[in-house]
Amino acid sequence: MFIENILTNTVMMSTPLMIGALAEVLVERTGVMNIAIEGTFLMGAWAGFVGAYITGSLTVGLLSAVLAGVLTGALYGYITVYLKQHQIVTGTAINILAPGLALYLYRVFFGIPLLPLQVELLPTIPIPFLSDLPVVGRAFFNQNILTYAAFALIAAGFWVLFKTRTGLVIRSAGANPEAVDAAGINVERVRFGTVIFACAMDGLAGAFYSIGFLGLFTENIIGGRGWIAFAICFLGNWNPIGVLVGSLVFGLADALSVVIRTSGVTMVPNEFVIAIPYILTIVATIARRRFNVPAYLGIPYVKEGR
Amino acid sequence: MENGASAAESRNVVELSGITKYFTGVIANDRVSLEVRKGEVLALLGENGAGKSTLMKILYGMYQPDEGEIRVDGRKVAIRSPQDAMDLGIGMIHQHFTLVPVHTVVENVLLGAGKGPKARMSVDEASKEIAETGEAYGLEVDPDALIEQLPVGMQQRVEILKALFRGARILIMDEPTAVLTPQNTKRLFDFIKDFTKEGNSVVFITHKLQEVFEIADRIVVLRNGKVAGELPRDDASEKVLARMMVGREMEEIGGRSAGVRSPRKKVLEVSGLKVRGSRGHWAVDGLDLDIAAGEILGIAGVSGNGQEELAEAICGLREVAEGNIMLEGESIPGRDAAEIIEAGVGYIPSDRHREGLVLDMSVEENLILKRFASPVFSNKGVLKEKEIRGYSKRVIEDYSIKTYSPTERVRDLSGGNQQKVVIAREMDIARSLLVAVQPTRGLDLGAADYVHRVLLHARSEGKAILLVSTELSEILSLSDRIGVIYRGKILRFFDEPATADIEEIGLVMMGVTGNGS
C-alpha cells in the first residue's frame, strides 16, 4: 500500500517534469537555451486555470495553457532568434515578468477573492484491466490525460529526434548551424518553430499544477519546478530517455516529501528530502564527465556575409 | 565516347560576365568575366585577397554581385542562395567544412540534401547510395562513421559526397589540398579526373603553381580583383603565371633613408624553431632567422605558411615546441607575454580588432592596455588618471590620431586611426624589437603610407623589425632583407631587395626552389 502510494505520487509528480524537460531537450538541441521555462510554466498554469474556470471546461483550460505557452514562446523566440538578443537575459526578464503579469491578470478577472477560487481536477482515466494490476496498476494506468500524454510525448520525442529528418535538422541546428544553412535550410525558422512548440509543451506542463494537481492558481504555484525541468534536460544529456529517468527521480523526491510531511515522521527533516533532488543535480553534474552539450547552445546564429 | 572530345566540343556550362563586387567601398571583384566549360578543370589562380573566393561565393549564391550577370547552360540566372546554386547543379567544397561533427556521415549527407528531392530518402537508401558513389569514384567512406572521428581527408570526402548526392555537376573547390597529405591529394586529383571525364566540370581555386600544372585544363589568374590572364595549361609556364599573379608594377614608397643597420649587432636570433598551429600540425617547422638592430627583415609568403605562429611564438603567445629564440642574447621560450613586453618587444597583430584593441574601451585605455601596471600609470593598483591623460594627449598629438577626445571609444575611430592607436602603444613598448604582422591590412593608401613611414622611422632609431606581410610590394619596398616563408620554413633569403627578381621571389613563395642559390 505504502509502495503503491509512493509510486503513484511519483508518476504523477514527474508528469510536468517530463513534458517540460522534453520540451527543453528539443529546443536546446536547436541551440536555444530556453531559460524562460519557469515563466512559461507559470503562464500555462494561469491560463489553464482561467480558461477552465471561466468556461467550466477543462479542455478549454488545456487549450488556453497551450496558447499561453505559444504566446510566451513567440515573445522569447522573436527576441532571441530574430533580434539575436542574449538568451539568458531575455529569459530572466520573462521569468520576472510572468508572476507579476499572472497575478495582475488574475486580479483583473477575479478581484481578490477571500478564498482561492477552485476548479475541478482533470479526471483520472483508468485503463481497463491494466489499472487493476497490483502495485503498478494505479501508478501507471490510473492517471489523468496529461500523464499519459507525457509518456507518449517522450516516445514520440525520441522517435522524431533520432529517426526522422525533422530531428536531424533540429539536432544539426544546435551542433553546427552553418551546416544547416549550407544545406539551404533556414536556421532561424528551425529555431523559432522549435521554441514555439517547446513553449506550448511548457504551457501544458504548467497547467498540470493548476488544473491537474491543485485545482487552483497562486502566483508561486510552480515553485521552481520549471528550473528542475531545466536541470533534468541537462542531467538527461539532452536525450528523451534521460528525461524519463531524471523526471521519475525528481518525481520520487517530490512524492517522498509529500508522504513524509503527511505521515508525521520526524526522523528525517522534510527540508532535507526536498533538497535531495538538488543535491543529486550537483553530484551528477560533477560526477559526469562527458555531456553532449549542443555545441552552439546559447549562441545566436548570425549568417556569414561581410 | 566522351573521351578526347573535350577540346573539340567545348560547351560553356557557366558564364560569368562583368561581375563586380564591393565590400564597404573596397572592390573585391572588378568586372570579372570567365566561363567554365563542360568536362574541364578550370584553375582559378591568384594571391590571397585576389578575389578568387569572393567570385566563387557569388557563383554559389553566398554573396550577391553588385554588377554583372551569370549564365548557366546559356540561360541567365539569379543565384540568391546556395539552395539556388545546388538546384542548378553547382556544388562547393569550402576550405572550412560545413559538417556536423557529432553526426554520422549519412546524417550529414542527408542534411546536405536540404530541401532537395533526395532529402526524404531513408537512412538505409542513402547509405547504399553513398557506398555506391564512393566506390565509383574511389571516395569510400563508412556511412555510419561519426564525422569527428574521421581524419580531415575523409571529412573532405564527405563534403564531396554531399555535393554529389545533391546532384552537383559543377564542383567548386576552394583550396582543397590545403588540408591534405600528398597521398590524399593524389586521390583527390584522381577523383577530379574521373569526375570531369564524365562531362562534369570543376573549378579549382588555388595559389599553388604545381597543382595547376597537374590538374588544370585551363587557367584563369586573378589579381587585385581583376582577371590578369587566361590561358590553356599547355601554354603556361611557372614564370608566366608567377608574373601574372604578383604583377610587375610595384608602388614606390618614398622618403626611404639608408638604414643604420649596425653591422652585426643581432637583436633577434631564431634557430630551429618548431611551433604547432591550432590544428596541431607543425605550423613553424624548423625555422631560422636573425635580425640586426636597425634592420627590417621582411617575411614574404602566402598566408597560412606559419607567419602568424612565428610572430606569436616570439611574443610569448604560443608555445615553442622546439628550438630557441634569443632576444639580445637572452632566451625567450618559457617566458610569458608580460615578461617579453617588459623586455622590449612590441607586437602589431594582424587582426587588430581581435588581438590589438578592446573596441569598447577608450583611446587612452587602449593606449596603456599593456602597461597599466607600470608605476608610470598606476600606484598600488589605482590608475593615475592625470598621468594617463597627459600621456594619451601627447601620443595622440605625436601620431596625429584623429579623435575628439582621449575618452572616445576606439570602435568609433576609422580603421587607420585604430591602427595608429595600436602602433603608438607598441612603438613605446618596442625598445628593441617590433613584430609587425600585416600592419597595413585593410587600410587605405594614406593610412598605409603613414604606417610605412613609422616603420622606417623606427628602423632609423635602431630598432629591429620583423615585418610579415602577404603584400609583396610592401615587403620589397620596406625591407633590408627578405626571407621567403613556405610551410613553416624560410626557404630562401634575398639580401638585396632592390635588385631581387620578383618572379623568383614569387616562385619561392609557391614552394619552387628550383636552381636557386
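Residues numbered from 1 in each chain as written. Chains lettered and ligands numbered in written order. Predicted model: local features only at pLDDT ≥ 70, side-chain atom pairs only at ≥ 80, totals over all residues. Heavy atoms only, no water.

### Quick notes on the pattern of salt bridges
Residue and element names in this part refer to chain B.
So, point 1. One pass over the structure, following the stated rule, counts 42 salt bridges over all chains.
So, point 2. Residue Glu-295 is joined to Arg-481 by a salt bridge in which the shortest nitrogen-to-oxygen separation is 2.9 Å. One end of the pair, Glu-295, is in the loop between strand 12 (282–292) and strand 13 (296–300); the other, Arg-481, is in strand 21 (residues 481–486), and 186 residues separate them in sequence. Neither residue differs from the other here; Glu-295 and Arg-481 are each classed as buried.
So, point 3. Counted as one network, the salt bridges with shared partners bring together Glu-35, Arg-37, Glu-40, Arg-218 and Glu-230. (Salt bridge = Lys/Arg side-chain N within 4 Å of Asp/Glu carboxyl O. Helix = DSSP H or I, 4+ residues; strand = E, 2+ residues; numbered from the N terminus. Buried < 20%, exposed > 50% of the residue type's maximum accessible area, 1.4 Å probe, protein only.)

### Overview of the sheet that holds strand 3 (residues 41–46) of chain B
All names here are of chain B.
So, point 1. The sheet built from six strands is open, its strands ordered 6-7-8-3-9-10 with mixed pairing. Two strands bound the open sheet, and with one partner strand each, they are strand 6 (90–93) and strand 10 (226–232). Taken pair by pair, the neighbouring strands of this sheet meet at an average axis angle of 20°, ignoring direction.
So, point 2. Lying on the sheet, helix 8 (residues 238–246) is in contact with strand 3, strand 9 (218–223) and strand 10; it crosses strand 9 at an angle near 30°. (Pairing = 2+ DSSP bridges. Axes fitted to C-alpha atoms, helices over the stretch in contact; angles between N-to-C directions. Contact = heavy atoms within 4.5 Å.)

### Comments concerning the interface of chain A and chain B
So, point 1. With 17 residues of chain A in contact, the opposing surface of chain B contributes 25 residues.
So, point 2. Summed over both partners, the interface of chain A with chain B buries about 1,700 Å², with 54% contributed by carbon and sulfur atoms.
So, point 3. Taken together, the links from chain A to chain B amount to one salt bridge.
So, point 4. Measuring nitrogen to oxygen at the nearest pair gives 2.9 Å for the salt bridge that ties Arg-171 of chain A to Glu-107 of chain B. (Buried area = accessible area lost by both parts, 1.4 Å probe.)

### A closer look at a negative patch on the surface
So, point 1. A contiguous patch of negative charge on the surface is contributed by Asp-124, Glu-125, Asp-142 and Asp-144 of chain B.
So, point 2. Here Glu-125 of chain B is to be found in helix 4 (residues 123–137). (Patch = residues over 30% accessible without salt bridge, like charges linked within 9 Å, V, L, I, M, F, W, Y side chains within 5 Å. Areas by Shrake-Rupley, 256 points an atom, 1.4 Å probe, with all protein chains shown as cover. Lys, Arg positive; Asp, Glu negative; His and termini not counted. Charge placed at Lys NZ, Arg CZ, Asp CG, Glu CD.)

### Some points on the domain arrangement of chain B
Residue and element names in this part refer to chain B.
So, point 1. Domain boundaries in chain B define domain 1 (2–246), domain 2 (251–344 + 430–517) and domain 3 (356–427).
So, point 2. For domain 2 versus domain 3, the separation of C-alpha centres amounts to 26 Å.
So, point 3. With 13 residues of domain 2 at the contact, the number on the domain 3 side is eleven residues.
So, point 4. When the two sides are added together, the surface that domain 2 and domain 3 hide from each other amounts to roughly 890 Å², 71% of it contributed by carbon and sulfur.
So, point 5. It is Ile-341, Tyr-450 and Val-454 that lose the most area in domain 2 upon contact with domain 3, and together they represent 46% of the buried surface on that side.
So, point 6. For the pair domain 2 and domain 3, the interface holds zero salt bridges.
So, point 7. Taken together, the links from domain 2 to domain 3 amount to five residue pairs in polar contact (both at pLDDT 80 or more). (Domains from an automatic or database assignment. Polar contact = N/O pair within 3.5 Å; in protein donor to acceptor, adjacent residues only side chain to side chain.)

### Focus: the nonpolar core
So, point 1. Core analysis: the largest hydrophobic core is formed by 67 residues, its most contacted members being Phe-49, Tyr-209, Ile-211 and Phe-217 of chain A.
So, point 2. Of all the secondary structure elements, the ones that give two or more residues to this core are helix 1 (2–29), helix 2 (37–55), helix 3 (58–82), helix 4 (87–110), helix 6 (145–163), helix 9 (187–214), helix 10 (225–235) and helix 11 (240–263) of chain A.
So, point 3. Setting aside chain neighbours within four positions, we find Phe-49 of chain A in contact with Tyr-106, Phe-110, Leu-117, Gln-118, Val-119, Ser-210, Ile-211, Gly-215, Leu-216 and Phe-217 of chain A.
So, point 4. Counting 64 residues, the second-largest nonpolar core is a separate cluster that includes Val-421, Val-451, Leu-467 and Leu-478 of chain B. (Core = buried A, V, L, I, M, F, W, Y, C linked by side-chain atoms within 4.5 Å.)

### Details of the pairing of strand 12 of chain B
Residue and element names in this part refer to chain B.
So, point 1. In terms of strand pairing, strand 11 (residues 266–276) meets strand 12 through eight bridges, oriented antiparallel. Following the sheet pairing, Glu-269 is matched in strand 12 by Asp-290.
So, point 2. What sits between the antiparallel neighbours strand 11 and strand 12 is a turn of five residues, in which Gly-280 has the positive phi angle 90°.

### Here's the deal with the side chain of His-94 of chain B
All names here are of chain B.
So, point 1. Considering the arrangement of structural elements, one finds His-94 in the loop between strand 6 and helix 3 (105–112).
So, point 2. With relative accessibility at 12%, the residue His-94 sits in the buried group.
So, point 3. If we skip the residues at most four places from it in the chain, His-94 touches Tyr-60, Met-62 and Asp-174.

### Some details on empty space enclosed by the protein
So, point 1. Inspection of the entire model under this criterion finds four cavities of 30 Å³ or more.
So, point 2. Considered as a void within the structure, the largest cavity measures approximately 120 Å³ in volume.
So, point 3. What lines the largest cavity is Ala-182 and Ala-183 of chain A together with Tyr-60, Met-86, Gly-91, Met-92, His-94, Thr-98, Gly-112, Glu-159, Lys-162 and Ala-163 of chain B.
So, point 4. Counting only elements with at least two residues in the lining of the largest cavity, the list comes to strand 6 and helix 5 (152–165) of chain B.
So, point 5. At three residues, the largest contribution of residues to the lining of the largest cavity is made by helix 5 of chain B.
So, point 6. Of the residues that constitute the lining of the largest cavity, the class distribution is six nonpolar, four polar and two charged. (1 Å grid on protein atoms, 1.4 Å probe; cavity = no way out; pocket = protein on both sides within 12 Å on 5 of 7 lines; lining within 4 Å. Points joined across faces, edges and corners; volume = space filled by probe spheres on them. Nonpolar A, V, L, I, M, F, W, Y, C, P; charged D, E, K, R; others polar.)

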